[in-house]
Amino acid sequence: MKLLALLLSHWLFSLQSSDSLTLKWQTQVNRRLDSLSNSPFLQTGMVGMSVKSAKTGKSVISFQAKKSLAPASTMKLLSTATALMTLGDSFMYQTTLEYSGSIVDSVLNGNVYIKGNGDPSLGSWRFKNQPDYKQLLDAWAMKVKALGIKKINGRIMGDASFFNANVIPNTWIWGDMGNYYGAGCYGLNINENLFWVTFQPKGYMESAGFVKTAPDLPYLTKINKVLTDRAGTGDQVMIYSTPYQDAILMEGFVPQGSSFSVKGSIPDPAFYMAFALSKKCEELGIQIQEGPTSTLELDKRYLTHSKPSGTMTIATQNSPSLKELVKACNYQSINLYAEAFLKTPSVLLNMGNGTSDAVKGFEQIWRAKGLNMQGLKMKDGSGLSPSNAVTTDIMTDVLSIMTNEKSFNSYYESIPVVGVSGTVANLAKKSKAAGNIHAKSGSIEGVRAYGGYFTASNGELYCFSIIFNKYDSSYGNATKELEKLMIMLTDL
C-alpha cells in the first residue's frame, strides 16, 4: 500500500509539474502575442494563432483564433487535405488521346481529341518517369502515325470541358493572371500552363527586344512594352492576359546584360496542345484538313463542341499518384495544383465543375466531418485571392481531423520541414524548430502565415496555425517574427 501511495504521489507530482510547465509556456506565448499586437508592427493589423493537440483537438493556445484572416498559401492545407481525404492518396488523373469516325485507306474521317480530366501535372518537368510536354507530344504524334493515318479529314481538338470554362476564381487580381503563379486551372493543362518569354536587354531605359517564348506560341499577339533597367535589378516584368485573350501584354523592366527570361501563363493550354500536336503530326507527314481548336476556342466563336460517342482511345497518360502531387503542391506551393485539388472532388462527387461549386462541395464534405465553418470565406483552393478568409481555429481543426484519416501519413509528409525542405528550408536553421516542425508557408501582399504540425517535448503531436494580416513592415520583419513564434512552439 505504501508503494502504491508513493507511486500515486509521484504521478500526481509529475502531472502537476507538467501542468505547471504548460501554463508557464502558454503565458509566455500569449505575452509575446499581446506584445506583438500592441507594437507598431501590428498596431494597425492583426495576428491570429491556434495550437491544439492533434489527437484530441484540445486547444492550448487560442489568440484571436476565431477572427477571419486572409491565409495566403496556407489555404493549400485545406485543399490538399480535401483531395486526399475524398480521393485517396493512390488516386491518379488520366488524360486520353482519342479519335472519332473511321480510318479508311489511311484517312481518318473524323477528329482527334485530347481529353483532359483536370491533371495539373500533365507534361510537367517535376516528376521522374513522367514525360515532359515535348516528350508527351512527340509520343502522341507517333501513336497517331502508328495507326496508319496519313490524312485527317477533320482537326485536332483540346477538350478541357472536365472543369467549367470560367477557370479563374472571381476574386483573383488582374496583375496575377498572366504570370505563371496565376495560371488558370483548366480541364486540360500542360507544362503547368507555364511559358518562358525571353528578352534581349538594350541600353538603360531603352526597349528590351522580344526574342521568343518557350513553348512557342506563334498564334498569340505579343505586345512588348518592356524596358531595360540597370544591371542586377532582376525581374520586374508583368505579363497581362486572360483565358479568353488572343494577346499578351508585357510591361516592366529587365536588367541590363545578357538575354533575360521570365515566366507567364498560357492563356488556353488546351488550344496550345491541339496546336502543338497538329504541328508534330504534320512534321511526320500527316495532313490535317482543319486547324486546331479547343473547347474554349469554340466557346469564343459560339460554336458547339459536343464530342461524339464511341470514340476510340489512342493513348492514355496517367499522372503520378495524388500522394506525389500533393507533396509537390505543398513543398513548392503550386497554385495550379491546389486549384485542381479543390475542384476535382466536386466533379467526381457530382457537385459541379466550377470553383463556386467546389467551394460548396468543400463545405459539404467538411461539415460531414463536424467542422464548424463560421469564419470561413473560401474563394479558391490556393490562397492567391486576397478575399479568402479563414480562422486559425478552422485551420487547426482540419489539421486535427486529418490525423484520423487513412491518408494522414501522406498528408503529414507533404508538408515541408522547417530548416530542411520546401519553402521553409531556410527558416529557423540551427534552432530547435529545425527538423521538428512541419509547416506550410503563406505569403501575399500584407499577409504572412504558417500552419502545420510539431512534436512537443513529451512526444505528443500538436497542430498549429499562425497568421499575420496588414502588418507594417517598416517596424519589423514578418517572417522573423513568425520564426520566433514557431521556435517557441517547441518549448511545449
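Placed above this text is the structure.
As a starting point, this report considers the structure included with it. Model, not experiment: these values are computed from the prediction.

A look at the overall build of the protein chain
Check the secondary structure of the protein chain and you find 12 helices and 20 strands. Expressed along its principal axes, the backbone C-alpha trace of the protein chain runs to roughly 100 × 60 × 35 Å. Looking at the protein chain residue by residue over its 492 residues, the buried ones come to 54%. Pairs at least 24 apart in sequence give 71% of the contacts found in the protein chain among residues at least 6 apart. Separation between the mean location of the 47 positive side-chain charges and that of the 38 negative ones in the protein chain comes to 5 Å.

Quick look at the environment of Pro345
Relative to the elements of secondary structure, Pro345 occurs in helix 8 (residues 335-348). Residue class for Pro345 comes out buried when judged on its relative accessible area of 1%. Along the sequence, Pro345 and Gly442 sit 97 residues apart, while their C-alpha atoms lie 23 Å from each other. Among all residues touching Pro345, those that are not within four sequence positions of it are Thr82, Ala83, Thr86, Leu87, Ala340 and Ile365.

Overview of the pairing of strand 9 (residues 194-200)
Of all 7 residues that make up strand 9, 5 are buried, and the element is covered over most of its length. Sheet analysis places strand 9 next to strand 14 (residues 260-265), joined by 6 bridges and oriented antiparallel. Within the sheet, the bridge partner assigned to Leu194 lies in strand 14 and is Ser265.

Section: helix 8
Its 14 residues give helix 8 an end-to-end C-alpha distance of 21 Å, which sits within 8% of 20 Å, the value for a rise of 1.5 Å per residue. Burial within helix 8 is extensive, with 13 of its 14 residues counted as buried.

Digging into the pattern of salt bridges
Summed over the entire model, instances satisfying the criterion amount to 16 salt bridges. The closest approach of N and O atoms between Asp491 and Lys432, which form a salt bridge, is 2.3 Å. Of this pair, Asp491 sits in the segment after helix 12 (478-489) while Lys432 sits in the loop between helix 11 (408-414) and strand 18 (438-444), and the two are 59 residues apart along the sequence. Classification of Asp491 as partly exposed rests on a relative accessible area of 40%. Taken together, the shared-partner salt bridges connect Lys52, Lys66, Asp393 and Asp397 into one network.

A short note on unusual backbone geometry
Residue Ala214 is joined to Pro215 through a cis peptide bond whose omega torsion reads 0°. Structurally, Pro215 can be placed in the loop between strand 10 (209-214) and strand 11 (221-229). Even without a glycine there, the phi angle at Ser106 is positive, about 70°. As for its placement among the helices and strands, Ser106 is situated in the loop between strand 4 (102-104) and strand 5 (107-109). Relative accessible area serves as the criterion here: at 27%, Ser106 is assigned to the partly exposed category. A positive phi angle is found at Tyr302, which is not glycine, with a value near 60°. Along the chain, Tyr302 turns up in the loop between helix 6 (295-300) and strand 17 (312-318).

Parameters and conventions
- Residues numbered from 1 in each chain as written.
- Predicted model: local features only at pLDDT ≥ 70, side-chain atom pairs only at ≥ 80, totals over all residues.
- Heavy atoms only, no water.
- Helix = DSSP H or I, 4+ residues; strand = E, 2+ residues; numbered from the N terminus.
- Buried < 20%, exposed > 50% of the residue type's maximum accessible area, 1.4 Å probe, protein only.
- Contact = heavy atoms within 4.5 Å.
- Lys, Arg positive; Asp, Glu negative; His and termini not counted.
- Charge placed at Lys NZ, Arg CZ, Asp CG, Glu CD.
- Pairing = 2+ DSSP bridges.
- Expected span 1.5 Å × (residues − 1).
- Salt bridge = Lys/Arg side-chain N within 4 Å of Asp/Glu carboxyl O.

Interpretation in functional terms is not warranted from these geometric data alone.
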